[in-house]
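# Residue-level structural notes
Letter by letter, the chains look like this.
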There are 2 protein chains.
Amino acid sequence: MKKREPIFSKFKKNEFESICRERGLALTIQRRAILAELAGRRDHPTPDQIYDVIKERLEGVSRTTVYRALETFVCIGIARKISNPEAKARYDADTSRHHHLTCLHCGIVLDIHDGDLNKLKLPNESERGFEVIDYSVAFTGFCGHCRSMGGIDRAVTKINPGSSHYETS
Amino acid sequence: MKKREPIFSKFKKNEFESICRERGLALTIQRRAILAELAGRRDHPTPDQIYDVIKERLEGVSRTTVYRALETFVCIGIARKISNPEAKARYDADTSRHHHLTCLHCGIVLDIHDGDLNKLKLPNESERGFEVIDYSVAFTGFCGHCRSMGGIDRAVTKINPGSSHYETS
DNA sequence: ATTCCGTTTGCAATATATTTCCATCTATGA
DNA sequence: TCATAGATGGAAATATATTGCAAACGGAAT
């Protein structure tokens, strides 16, 4: 098994702290905990998934704070709000260009790092007035867990929030 | 001005009717109207946007019916629920492989048909147990309308539902 | 360490989006 | 036309997200 680099690296932590200082944003324990949780996992969690973990450690944190902190991270450029077909917010602390696999059954979002996919020619959309900033390739399919569960009717691609599960690493 | 093929073509209509017959789904006036509306527009509407139009023509139609019909269309393969970072579902009656431009300011989703983008090599994710079914390239940026409006702070990429507007064709 | 001030938080209320329940109604085949 | 499986409408429940404000906190100056 290949050893993995921790996502909430020293680098990310320093980046966060210096950006906050530049902008006059306070380094609160809530923001630290929320960022650490977001950056420490690989499943692109929803605000509620983060809240559920955070609340065990931080007595009395509010769901509102989680929502607010995540939006703040997006605004200062240390996280992204990612697109997914569930249409609920999911966040990603990795802001480098990479791509996603979304399971059509349970909604989990996994990363793909692939050099070729990072070199797509941008379409010329200036004629339509659109300014392209970035892109990401969104793959859809079925994750290992959902494939191995018997009885999944693939015609029913409706995402089932009740059956969520996560990569165990 | 280039003439455009109507999206709710004879083909789509026949496809819908035959699939419904095969599956024992009733061809109700609600489903017909909802599909016609979805397929007739190019802006990837939310259920509410469809409802707002439909209710003028179909006295007493329920929002619930619109939600249900759209999910049904996805299940039978004649529409897709598309990925987007807003906290609401958007649907697309074009199930062929194509790609999307999403405006980071107003949330509008435009189509891109580009032959090169349709030929990406699928990543080999079978080792991780993921079965890839399809993909779509999600471009983000700013649409012509949002670019031309003065005073947009690009650092604030939060999607603003209040400023929605649509392609006039 | 203490004080001050602007930022952030928690809570409650509100807003928006979606789903569920069930009585009633309708499309469709016999 | 009739029977009936399937669909609808409307209310209510649930899920998701945002806002306003008083109290608490972080960080800089002292």
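Bear in mind the structure is a predicted one, so any value in this text is a computation, not a measurement.

### As for the overall build of chain A
In terms of helices and strands, chain A carries five helices and five strands. Reading chain A from its N end, one meets helices and strands in the order α-α-α-α-β-β-β-β-β-α. Looking at chain A as a whole, 48% of its 169 residues qualify as buried. Restricting to contacts in chain A with at least 6 residues of sequence separation, those with at least 24 account for 55%. By element, 51% of the accessible surface of chain A is carried by carbon and sulfur atoms, the whole surface being about 8,800 Å².

### Let's talk about the protein's contact with DNA strand C
Among the 22 residues in the neighbourhood of DNA strand C, the closest are listed as Arg31(A), Thr65(A), Leu27(B), Tyr67(B) and Ala89(B). In DNA strand C, atoms within 4 Å of the protein come from the sugar-phosphate backbone in 69% of cases. Between Arg68(A) and DNA strand C, the recorded distance is 2.9 Å, taken from a side-chain N or O atom to a base nitrogen. For the surface near DNA strand C, the secondary structure elements donating two or more residues are α2 (29-39) and α4 (63-75) of chain A together with α3 (47-57) and α4 (63-75) of chain B. The residue makeup of the surface near DNA strand C, split by class, is nine nonpolar, seven polar and six charged.

### Focus: the nonpolar core
Grouped together as the largest cluster of nonpolar side chains are 30 residues, with contacts concentrated most on Val137(A), Phe139(A), Val137(B) and Phe139(B). Counting only elements with at least two residues in this core, the list comes to β3 (99-103), β4 (109-112) and β5 (131-142) of chain A together with β3 (99-103), β4 (109-112) and β5 (131-142) of chain B. Once you skip the residues sitting within four places of it in the chain, Val137(B) turns out to touch Leu120(A), Tyr135(A), Ser136(A), Val137(A), His99(B), His100(B), Leu117(B) and Leu120(B).

### Quick word on the packing of aromatic side chains
For the structure shown, the criterion picks out four aromatic pairs over all chains. Between the aromatic rings of Phe16(A) and Phe73(A), the centroid separation amounts to 5.7 Å while the plane-to-plane angle is 85 degrees, which identifies the pairing as edge-to-face. You can see Phe16(A) sitting in helix α1 (residues 10-23) and its partner Phe73(A) sitting in helix α4, a full 57 residues away along the chain. Considered together, Phe16(A) and Phe73(A) belong to a single accessibility category, that of buried residues. On the basis of an interplanar angle of 50 degrees and a centroid distance of 5.6 Å, the ring pair of Phe139(A) and Tyr135(B) is categorised as tilted. Taken together, the positions of Phe139(A) in strand β5 and Tyr135(B) in strand β5 put the pair across two chains. The buried category is assigned to Tyr135(B), whose relative accessible area is 2%.

### Some thoughts on the packing of α2(A) against helix α3 (residues 47-57) of chain A
Residues and elements named next belong to chain A. Contact geometry for α2 and α3: axes closest at 10 Å, N-to-C directions at 130 degrees. The angle between the axes of α2 and α3 places the two elements in the oblique class. Remark: the crossing between α2 and α3 carries right-handed chirality. Contact residues: Ala33, Ile34, Glu37 and Leu38 in α2; Ile50, Val53, Ile54 and Arg57 in α3.

### Here's the deal with α4(A)
Residues and elements named next belong to chain A. When the terminal C-alpha atoms of α4 are compared, their 19 Å separation across 13 residues agrees well with the 18 Å that a helix rising 1.5 Å per residue should span. Where α4 is buried, its residues touch α1, α2, α3, β1 (80-82) and β2 (90-92). Looking at where α4 begins, the residue whose side-chain oxygen comes 2.9 Å from the main-chain nitrogen of threonine 64 is serine 62. Backbone geometry just downstream of α4 places glycine 77 in the positive-phi region, at approximately 85 degrees.

### Quick notes on the pairing of β4(B)
All names here are of chain B. Burial along β4 is two-sided: the face carrying Val109 and Asp111 and the face carrying Leu110 and Ile112 are both buried. Inspection of the sheet shows β3 paired to β4 by four bridges, in the antiparallel sense. Paired with histidine 100 across the strands is aspartate 111, a residue of β4. The loop that links β3 with its antiparallel partner β4 comprises five residues; one of these, glycine 107, has a positive phi angle of about 90 degrees.

### Structural notes on the confidence of the model for chain A
Low pLDDT marks stretches whose predicted atomic positions should not be read closely. Taken over all residues, the pLDDT of chain A has a mean of 83, while the share at 70 or more is 82%. Every residue in residues 150-169 of chain A scores below 50 in pLDDT, and together they form 43 contacts with partners more than four places removed in sequence or on other chains.

### Re the protein's contact with DNA strand D
Neighbouring residues of DNA strand D: 20 residues in total, closest Leu27(A), Lys88(A), Arg31(B), Thr65(B) and Arg68(B). Put simply, 69% of the atoms of DNA strand D that lie within 4 Å of the protein are in sugar or phosphate. For DNA strand D, a phosphate oxygen lies 2.9 Å from a polar atom in the side chain of Arg31(B). Note that a base nitrogen of DNA strand D is positioned 2.9 Å from one of the side-chain N or O atoms of Arg68(B). Elements with a contribution of two residues or more to the surface near DNA strand D: α4 of chain A together with α2 (29-40) and α4 of chain B. Grouping the amino acids of the surface near DNA strand D by side-chain chemistry returns eight nonpolar, seven polar and five charged.

### Description of the environment of Ser9(B)
All names here are of chain B. By the element assignment, serine 9 lies in the segment before α1 (10-23). For serine 9, a relative accessible area of 21% translates into the label partly exposed. Taking the C-alpha atoms as reference points, serine 9 and alanine 69, 60 residues apart in sequence, are found 19 Å from one another.

Calculation notes
Residues numbered from 1 in each chain as written. Chains lettered and ligands numbered in written order. Predicted model: local features only at pLDDT ≥ 70, side-chain atom pairs only at ≥ 80, totals over all residues. Heavy atoms only, no water. Helix = DSSP H or I, 4+ residues; strand = E, 2+ residues; numbered from the N terminus. Buried < 20%, exposed > 50% of the residue type's maximum accessible area, 1.4 Å probe, protein only. Contact = heavy atoms within 4.5 Å. Areas by Shrake-Rupley, 256 points an atom, 1.4 Å probe, with all protein chains shown as cover. Near = heavy atom within 4 Å. Polar contact = N/O pair within 3.5 Å; in protein donor to acceptor, adjacent residues only side chain to side chain. Nonpolar A, V, L, I, M, F, W, Y, C, P; charged D, E, K, R; others polar. Core = buried A, V, L, I, M, F, W, Y, C linked by side-chain atoms within 4.5 Å. Phe/Tyr/Trp six-rings, centres within 6.5 Å; stacked < 30°, edge-to-face > 60°. Axes fitted to C-alpha atoms, helices over the stretch in contact; angles between N-to-C directions. Parallel < 35°, antiparallel > 145°, perpendicular 65-115°, else oblique. Left-handed = near helix turned anticlockwise from the far one by under 90°. Expected span 1.5 Å × (residues − 1). Pairing = 2+ DSSP bridges. pLDDT = per-residue confidence, 0-100.

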